[in-house]
Amino acid sequence: MRGVTPVQSTPAVGAARTSPLDEVGRTLLRTASRLLADEGAGALTVRRIAGDSGMSTMNVYSRFGGKHGVVEHLFLEGFGLLAATMTEVPVTDDPVADLTMCGMRYRAFAFEHPTLYSVMFEKAVPDYEPGDAALASGLATLQHLAERIERCIAAGRFRPGDPLHLAGIVWSTCHGAVSLELKQKRHIPLDWEAVFRDSCALLVRGLAA
C-alpha cells in the first residue's frame, strides 16, 4: 500500500463510511456478499441487492449511497476482520514465532472470508476504487505487520531494515501463496498448507540476521 495515492471518495462511498448499519443495512450487505460470491460482480446492482433482500432500492441508497458504497463497506469490513485476526496473535518472547503465526492467521482469514478477500485484494468488483478510509484501513494492517517485524529486528533475529518495506515483502509472499491456493487448489494437487508453511520458513531464513 506504500506509495499509493489515495483515491478521492465519491458521495456514495462516503455514505458507507458515515452511516451506522442497522439490521436492514446488515441484511443488504449479506445479500451483496452472497450475490458476489454466487454470481460475480455483474449481479451486484442496487436493484438486485434490494430485490433479493425483499426491499426497495431506497434502502440501499439511504444506507450506502449506491453500489460502490456497498462494496466499500465490504472492503472495510474485510480489513477490520483481518486487523482483528492479526492483533489477536499474542505477543510472546519469540517475535519470529509470533510473526509466523500472523502469516498463518492471514491464510485462515482468506479461507474463512473468501468473498471479502476477493474484494480487498483481487478487485472482484472491477469498477470499484477504494476511498480514503478503505486505503487507510489497508495501510493500518500493513503497519501492524511492520511493528511485528520491528520486534524481530530489535531482538536481533532479523537483519536491520525498514520495517514497512520488509512488511511489504512478507505480505507479498503470503498473499502470493494464498492467492495461488485459492485459485489453483482444485486443479493442482499440491499440499498447499505445506507450501505456505515452507514459504514462510524460507522467508524467515532470508530475513534472518
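Conventions used here
Residues numbered from 1 in each chain as written. Predicted model: local features only at pLDDT ≥ 70, side-chain atom pairs only at ≥ 80, totals over all residues. Heavy atoms only, no water. Helix = DSSP H or I, 4+ residues; strand = E, 2+ residues; numbered from the N terminus. Expected span 1.5 Å × (residues − 1). 1 Å grid on protein atoms, 1.4 Å probe; cavity = no way out; pocket = protein on both sides within 12 Å on 5 of 7 lines; lining within 4 Å. Points joined across faces, edges and corners; volume = space filled by probe spheres on them. Nonpolar A, V, L, I, M, F, W, Y, C, P; charged D, E, K, R; others polar. Axes fitted to C-alpha atoms, helices over the stretch in contact; angles between N-to-C directions. Parallel < 35°, antiparallel > 145°, perpendicular 65-115°, else oblique. Contact = heavy atoms within 4.5 Å.

Caption draft 1: Spotlight on helix H8 (residues 132–154). Taking 1.5 Å of rise per residue, the 23 residues of H8 would be expected to cover 33 Å, and the 32 Å separating its terminal C-alpha atoms lies within 8% of that figure. A positive phi of about 80° marks Gly156, the residue just after H8.

Caption draft 2: Structural detail: the environment of Ile169. Residue position: Ile169 is located in helix H9 (residues 163–184). Along the chain, Ile169 and Leu203 lie 34 residues apart, while their C-alpha atoms are 8.9 Å from each other.

Caption draft 3: Highlighting empty space enclosed by the protein. Enumeration over the complete set of coordinates arrives at 1 cavity of 30 Å³ or more. Reported here for the largest cavity is a volume of approximately 200 Å³. As for the largest cavity, its lining consists of 17 residues, of which Gly103, Leu145, Val170, Trp171 and Cys174 are closest to the centre. Looking at the lining of the largest cavity, the elements that each hand over two or more residues are helix H5 (67–87), helix H6 (95–112), H8, H9 and helix H10 (192–207). Sorting elements by how many residues they give to the lining of the largest cavity places H6 first, with 6 residues.

Caption draft 4: Seen up close, the layout of surface pockets. In this structure, the largest pocket occupies an estimated 280 Å³ of space. Taken together, 13 residues line the largest pocket, and the ones lying closest to its centre are Pro114, Thr115, Ser118, Glu122 and Leu182. Elements with a minimum of two residues in the lining of the largest pocket: helix H2 (23–39), helix H7 (114–121) and H9. Examining the composition of the lining of the largest pocket, we find that 4 residues originate from one element, H7, more than from any other. For the lining of the largest pocket, a count of residues per class yields 7 nonpolar, 4 polar and 2 charged.

Caption draft 5: Layout of the packing of H2 against H5. With their axes 10 Å apart at the nearest point, H2 and H5 run at an angle of 90° to one another. On the basis of the axis angle, H2 is roughly perpendicular to H5. Residues Leu29, Ala32 and Ser33 of H2 form the contact with H5, whose own contacting residues are Val70, His73, Leu74 and Glu77. Tallied by class, residues from the contact of H2 with H5 come to 4 nonpolar, 2 polar and 1 charged.

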